[in-house]
Amino acid sequence: MDNYRIVDLPGIDFLGRREPSAILTKQISSISSQFDKKEIMCECFGAAGWDMNFTDLLKTWKLLAVRGVNLPCLHLFAYSIEGQRKLDFPGYFSHQSVWWEKAKALTDEMSFINSTAIKGCETNDILVINPVNSLAGYCIGGQTSQTITIEYKQLLKELDHSQYLYDIGDEDVMQNFATVSNARNIGNCSYSYVVLPVMESIRQSTLDILTEFTKQGGKVLFIQKYPEYVDFERSEQLKEYLTQFENLPNKSITHARSLNLRKAFGFFGYKRKIKI
């Protein structure tokens, strides 16, 4: 995620006609909010197929836009589709498409959505820690890495479906830019709740931040279990930090399911700012 921070115009690539991944879109929109980047580019509609239509494409773009993406890079303009070129992740936004002369209707609608969305400022007070550094210590495809990945995806999906507004926090970024005083900030954003997904290990810098965060009244929620290691080593500081949760309901541990999350956040007194 830190790479998004250092570029002027962060961007992603999203293929097909489907619901965008929460991990892909929330990572980049979180960094954009935290570091005041107004535009997020997405190369879109590649591999949507020669049978794609404006209704499907607009639906896909709306799903991207609601997650913070606001600048399309349309896939693609072809000078020629001779031979195998026509198989290069069609369809195309060029004169070979039968609807090319009417494409302005689609792009005008997308422009209206973008011009509206870019004026807003997303403020979320839940921060979900990205478990990628914990994943780095385990064999890709192994049981532990699969569990971490599956549970992380499930957590973000359930937060979305329960209409909780959240950002994702990267441990690399937090190490350099997170501050905890009267406010609990990463860059421009302030958070009152931190959620740790299934993670075997956290960084020492993350533990230090969480320690001060809870002292300042911040609420911490763990998914399924506590982390066991700090930088993949046993830590007395971590063990001592976790003792403060022993007397809380379920020891501040819950599962990545909508009902469980609602109960846990309800105990903390969290109220959603928007409910649809």
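Draft legend 1. Spatial organisation of the environment of Val 220. With respect to the element layout, Val 220 can be found in strand β11 (residues 219-223). Spatially, the C-alpha atoms of Val 220 and Val 128 are 10.0 Å apart, while their sequence positions differ by 92 residues. Ignoring anything within four residues of it in the chain, the contact list for Val 220 reads Val 194, Leu 196, Leu 210, Phe 213, Thr 214, Tyr 241, Phe 245, Ser 252 and Phe 268.

Draft legend 2. Spotlight on helix α3 (residues 54-65). Helix length check: α3 (12 residues) gives 16 Å between terminal C-alpha atoms against 16 Å at 1.5 Å per residue, within 8%. Listed in full, the buried residues belonging to α3 are Leu 57, Leu 58, Thr 60, Trp 61, Leu 64 and Ala 65. Seen from one end, α3 has its buried residues packed into an arc of 160 degrees, which puts them on one side. For α3, the exposed residues lying more than 90 degrees away from the buried face are Thr 55 and Lys 59. Residues of α3 that are buried make contact with β1 (11-15), α2 (22-34), β2 (41-46), β3 (71-74) and α4 (103-117). Two or three places before Thr 55, at the opening of α3, Asn 53 has a side-chain oxygen 3.1 Å from that residue's backbone nitrogen.

Rules of the game
Residues numbered from 1 in each chain as written. Predicted model: local features only at pLDDT ≥ 70, side-chain atom pairs only at ≥ 80, totals over all residues. Heavy atoms only, no water. Helix = DSSP H or I, 4+ residues; strand = E, 2+ residues; numbered from the N terminus. Contact = heavy atoms within 4.5 Å. Expected span 1.5 Å × (residues − 1). Buried < 20%, exposed > 50% of the residue type's maximum accessible area, 1.4 Å probe, protein only. Arc of directions from axis to C-beta. Polar contact = N/O pair within 3.5 Å; in protein donor to acceptor, adjacent residues only side chain to side chain.

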